[in-house]
Amino acid sequence: TCFLGCAVDGHPTPNITWLHSGEPLSLQHQILAAGRILQILNVSDFTDGEFSCLAQNEAGSLTQVMTLAIQEYRWSVDKVTACSASCGHRGLQLPQLRCLLDGAEVNTSYCRETPKPPLQPIACNRRDCPSRWMVTSWSPCTRSCGGGIQTRRVTCQRLTAKGSSVPMSNEACAQVSKHPVDTQSCNRQPCVEWAASSWGQCNGPCIGPRLAVQHRQIFCQTKDGTSVSSDQCSSLPRPLSTQNCWTDVCGVHWRVSLWTVCTATCGNYGFQSRRVDCVHIRTNKPVMEHHCSWRPRPANWQRCNITPCENGTSLRGGETEWCRSWEEGRVISQKCSTGPC
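Basis of the calculations
Residues numbered from 1 in each chain as written. Predicted model: local features only at pLDDT ≥ 70, side-chain atom pairs only at ≥ 80, totals over all residues. Heavy atoms only, no water. UniProt positions renumbered as here; feature names shortened; annotations may be inferred. Patch = residues over 30% accessible without salt bridge, like charges linked within 9 Å, V, L, I, M, F, W, Y side chains within 5 Å. Areas by Shrake-Rupley, 256 points an atom, 1.4 Å probe, with all protein chains shown as cover. Salt bridge = Lys/Arg side-chain N within 4 Å of Asp/Glu carboxyl O. Helix = DSSP H or I, 4+ residues; strand = E, 2+ residues; numbered from the N terminus. Core = buried A, V, L, I, M, F, W, Y, C linked by side-chain atoms within 4.5 Å. Buried < 20%, exposed > 50% of the residue type's maximum accessible area, 1.4 Å probe, protein only. Contact = heavy atoms within 4.5 Å. Pairing = 2+ DSSP bridges. Axes fitted to C-alpha atoms, helices over the stretch in contact; angles between N-to-C directions. Disulfide = S-S within 2.5 Å.

Per an unreviewed UniProt entry, the protein chain goes by ATL1 protein and derives from Chloropsis cyanopogon. Listed in UniProt under the heading Subcellular location (unreviewed entry), the comment for the protein chain reads: "Secreted".

Visitor: Explanation requested: a nonpolar patch on the surface in the structure shown.
Guide: A cluster of nonpolar side chains, Phe3, Leu32 and Ile37, forms an exposed patch at the surface whose accessible area comes to about 240 Å². Looking at the element boundaries, Phe3 is found in strand 1 (residues 2-5).

Visitor: Is there a simple way to explain the nonpolar core in this structure?
Guide: Grouped burial of nonpolar side chains is what soluble globular proteins tend to show. Ranked by size, the top nonpolar core spans 14 residues in total, and within it Leu4, Cys6, Ile16, Trp18, Leu38, Ile40 and Phe51 carry the most contacts. Every element with two or more residues in this core is listed here: strand 1, strand 2 (15-20), strand 5 (37-40), strand 6 (49-57) and strand 7 (60-68). A per-element tally of this core places strand 6 first, with 3 residues.

Visitor: Looking at this structure, I do not really get the side chain of Thr160. What am I missing?
Guide: One can find Thr160 in the loop between strand 15 (154-159) and strand 16 (165-167). Every residue in contact with Thr160, bar those within four places of it in the chain, is listed here: Gly88, His89, Arg127, Asp128 and Val166.

Visitor: Honestly, the sheet that holds strand 4 (residues 29-32) in this entry has me stumped. Any pointers?
Guide: Within a sheet, each strand pairs with its neighbour through backbone hydrogen bonds, oriented either parallel or antiparallel. Taken in spatial order, the 3 strands line up as 1-5-4 in an open sheet, and their pairing is antiparallel. Of all the strands in the sheet, just strand 1 and strand 4 have a single pairing partner and so form its edges. Going from strand to strand, the sheet's axes swing by 20 degrees on average, the running direction of each strand aside. Pairing of strand 4 with strand 5 involves 4 bridges; the strand directions are antiparallel. Looking across to strand 5, one finds that His29 is bridged to Ile40.

Visitor: Hey, could you run me through the state of the cysteines in this one?
Guide: Between two cysteines, a covalent bond joining their sulfur atoms is known as a disulfide. On inspection of all chains with the given rule, the structure shows 13 disulfides. Linked covalently through their sulfurs, Cys99 and Cys111 form a disulfide whose S-S length is 1.9 Å. For the disulfide bridge between Cys99 and Cys111, the dihedral angle about the S-S bond is near 80 degrees, and by the sign convention the bridge is right-handed. Placement of the pair is Cys99 in strand 10 (residues 95-101) and Cys111 in the loop between strand 11 (104-106) and strand 12 (122-123), with a sequence separation of 12 residues. By relative accessible area, which is 0% here, Cys111 ends up buried. Across a sulfur-sulfur distance of 1.9 Å, Cys220 and Cys233 are joined as a disulfide pair. Residues Cys220 and Cys233 are joined by a disulfide whose S-S torsion is about 75 degrees; by sign, that bridge is right-handed. In this pair, Cys220 is assigned in strand 20 (residues 218-222) and Cys233 in the loop between strand 21 (227-228) and strand 22 (242-246), connecting sequence segments 13 residues apart. Grouping residues by exposure puts Cys220 and Cys233 together as buried.

Visitor: Sorry, what's going on with the pairing of strand 15 here?
Guide: Across a regular strand the side chains alternate sides, sitting on one face of the sheet and then on the other. In this structure, strand 13 (residues 132-135) lies alongside strand 15, joined through 4 bridges in antiparallel fashion. When the sheet's bridge partners are listed, Trp133 is paired in strand 15 with Cys156. As paired strands, strand 15 and strand 16 are joined by 3 bridges and run antiparallel to one another. Note on strand 16: the bridge partner recorded for Gln157 is Pro167. Counting the residues between successive antiparallel strands, the hairpin from strand 15 to strand 16 contains 5 residues, one of them, Gly163, with a positive phi of roughly 95 degrees.

Structural data, given as structure tokens:
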């Protein structure tokens, strides 16, 4: 849509007539504001030309002339990208779209309603390439540590415009560039390994019948015996530093005696005791109690005869109560003024 105005005024109000190139309007339009504004409904139906408005009243007539130039946004493909290859058979150029208005490039968003022209890649630089060195991938290293060798194959070839590789003499490539290396050293880090000291004595803490733990030191060293940081051996399986072992030292168990006679026949203060020792199974001689610590230690005393006494009787003699205790494997009696011994 386009609006054209006729800037005339008079008294009495003039009649206004619009013309296109000197002829009455024939295409879609509307007359607004008593003829002072011409609305062109579809600009594309008009061609460039001259519009005029003729204003007439009793005083005479007046004509104003204006020129309408129609400019449209359009796509242009007059530029292409650089060729993707300088030689061989794969070189391509891609057309670049530009949005133009009267020959000047504008933002492509102005052309978004205009259909894009079809784009086709353009072949370019389709010619034989100069001779060049071709190399394969490096071979696996001959050693995993301590310095090995890798090799690769180096040949002189020429890529043709048809896409085939033609072998050439080394002299043909030497004129273009230096011969690439075909061997190199690899895995130059020193070879390392885990080393271990001898196992310590099997007399560690007992963890079961005749079963203990022994220890040894683990360290990282080179093949020639030089100690290095343990981090350098981190990728290798680490040997065990502890293990279970069999030893007669741990052939022990808890030995308990019989319970003593209860210190009371009834009441709240009766108890009995027994001796608990850690002894060797074979010799039956007592040993340090920590050798038996892998098994719960049996109780060495307990309450007994805690039922109520009849008629309020108890083991009391006057104001003194008799108690029994276990001392060095024999029963003794002593007087207690209050409570159990």
